[in-house]
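The residues making up each chain are set out below.
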Amino acid sequence: MIEDWSDFFYGGVPPGGMLKIELENLEQLIEEDDNPNGLSSTSGLCLIGLVTHFEAYFKHVFAAVGNIYPPALDRFTSERREVDVGLRDIRRLRGPVEYQLGFLISDEYSFGDAKSINSLFHDLIGITPFSKDEKRRYDKILAERNLLVHNGGVLTAQSVAQDMIRHTRQKRSFFDSVVIEPEQVLDDLRFVDEIARKTTDATHRALREIINDGDNSLLPEQRKALDMIDHYDF
């Protein structure tokens, strides 16, 4: 049996609350940087961390939905016939498999960009976290993050051609670098906070609607987890 409502969540913490804590930690790192306009790499590292935690947030929300109410996965599998969970992975689980399928299925997909996230959440519970304008903005955040991670921040021919880099003093391929300013990252933190806040609310509302239309005989732990998935600010 499920022992506690926290068993439905990665790390035992509701995804919104976990992300909010990490965003506040990143904001504190930027504000406490002693050399924000010099050679400090704090802002770039915080941008990388921001994307990492944001991606994890969506994966954790997806998993929690599937764990809390397994019938929600029926809709997803009807849209994506190729869903496959390995027997070896199932055998490694401890506790009821039915309430951990969300973990296993979320591991099979990438939550690395807005298009994929919108598609996955649409097929799961009928919502799309990013509007068209929000998708375009997040694509640019990702482009800068990817240059930092994979090319040390130095511009590539593709990044210049696609004009995806928001902040740089010049745009010479293979020579100039992305310039990550503290205020830029703080603004990106606020943007991510806004998207996550509305996604948390939309996920809770959509899941409640799905449950109300179907089997409403939930365990007490499921009911508590359903309430907790709506928590963003602790």
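Here the structure is a predicted model, which is why all the values come from computation and not from measurement.

Visitor: Explain helix α6 (residues 114–125) to me, and be specific about the residues and the numbers.
Guide: In this model, α6 (12 residues) spans 16 Å end to end at C-alpha, consistent with the 16 Å of a helix rising 1.5 Å per residue. Its side-chain oxygen at 3.1 Å from the backbone nitrogen of Lys 115, Asp 113 defines the N-terminal cap of α6. Phi turns positive, to about 80°, at Gly 126, one or two residues after α6.

Visitor: Quick rundown of the packing of helix α2 (residues 42–68) against α6? Include the residues and the values.
Guide: Packed helices, taken two at a time, are described by the angle between their axes plus the distance between the axes. In contact at an axis separation of 11 Å, α2 and α6 are set at 10° when each is read in the N-to-C sense. Between α2 and α6, the crossing angle belongs to the class labelled roughly parallel. Crossing angle aside, the handedness with which α2 passes α6 is left-handed. Residues Phe 58, Val 61, Phe 62 and Val 65 of α2 lie in contact with α6, whose contacting residues are Ile 117, Leu 120, Phe 121, Leu 124 and Ile 125. Taken together, the residues of the contact of α2 with α6 break down into nine nonpolar, no polar and no charged.

Visitor: How would you summarise the side chain of Asn 67 if you had to cite specific residues and measurements?
Guide: Position of Asn 67 relative to the elements: it lies in helix α2. With a relative accessible area of 0%, Asn 67 lands in the buried category. At a separation of 2.8 Å, a polar atom in the side chain of Asn 67 contacts the main-chain amide nitrogen of Gly 102.

Visitor: Mind laying out the nonpolar core, listing which residues take part and the relevant values?
Guide: Nonpolar side chains in soluble globular proteins tend to end up buried together. Core analysis: the largest hydrophobic core is formed by 59 residues, its most contacted members being Phe 54, Phe 58, Ile 68, Phe 121 and Tyr 138. Every element with two or more residues in this core is listed here: α1 (15–31), α2, α3 (72–79), α6, α7 (132–151), α9 (182–213) and α10 (220–228). Looking at this core, the element that brings in the most residues is α2, giving 12 residues.

Visitor: Requested: an account of the side chain of His 60, with residues and values cited.
Guide: Structurally, His 60 can be placed in helix α2. Filtering out sequence-adjacent residues up to four positions away, His 60 remains in contact with Tyr 10, Pro 15 and Met 18.

Visitor: Describe the packing of aromatic side chains, naming the residues involved and giving the relevant values.
Guide: Applying the stated criterion across every chain yields a total of 14 aromatic pairs. Look at Phe 54 and Tyr 138: their rings are 5.2 Å apart centre to centre, the planes differ by 85°, and that puts the pair in the edge-to-face class. Of this pair, Phe 54 sits in helix α2 while Tyr 138 sits in helix α7; the two residues are 84 residues apart in sequence, bridging distant segments of the chain. Ring centres 5.1 Å apart and planes at 80° place the aromatic pair Phe 62 and Phe 76 in the edge-to-face group. Separated by 14 residues along the polypeptide, Phe 62 in helix α2 and Phe 76 in helix α3 bring together distant segments of the chain. Grouping residues by exposure puts Phe 62 and Phe 76 together as buried. An aromatic cluster of three or more residues is present, and its members are Phe 54, Tyr 57, Phe 58, Phe 62, Phe 76, Tyr 109, Phe 111, Phe 121, Phe 130 and Tyr 138.

Criteria and cut-off values
Residues numbered from 1 in each chain as written. Predicted model: local features only at pLDDT ≥ 70, side-chain atom pairs only at ≥ 80, totals over all residues. Heavy atoms only, no water. Helix = DSSP H or I, 4+ residues; strand = E, 2+ residues; numbered from the N terminus. Expected span 1.5 Å × (residues − 1). Polar contact = N/O pair within 3.5 Å; in protein donor to acceptor, adjacent residues only side chain to side chain. Axes fitted to C-alpha atoms, helices over the stretch in contact; angles between N-to-C directions. Parallel < 35°, antiparallel > 145°, perpendicular 65-115°, else oblique. Left-handed = near helix turned anticlockwise from the far one by under 90°. Contact = heavy atoms within 4.5 Å. Nonpolar A, V, L, I, M, F, W, Y, C, P; charged D, E, K, R; others polar. Buried < 20%, exposed > 50% of the residue type's maximum accessible area, 1.4 Å probe, protein only. Core = buried A, V, L, I, M, F, W, Y, C linked by side-chain atoms within 4.5 Å. Phe/Tyr/Trp six-rings, centres within 6.5 Å; stacked < 30°, edge-to-face > 60°.

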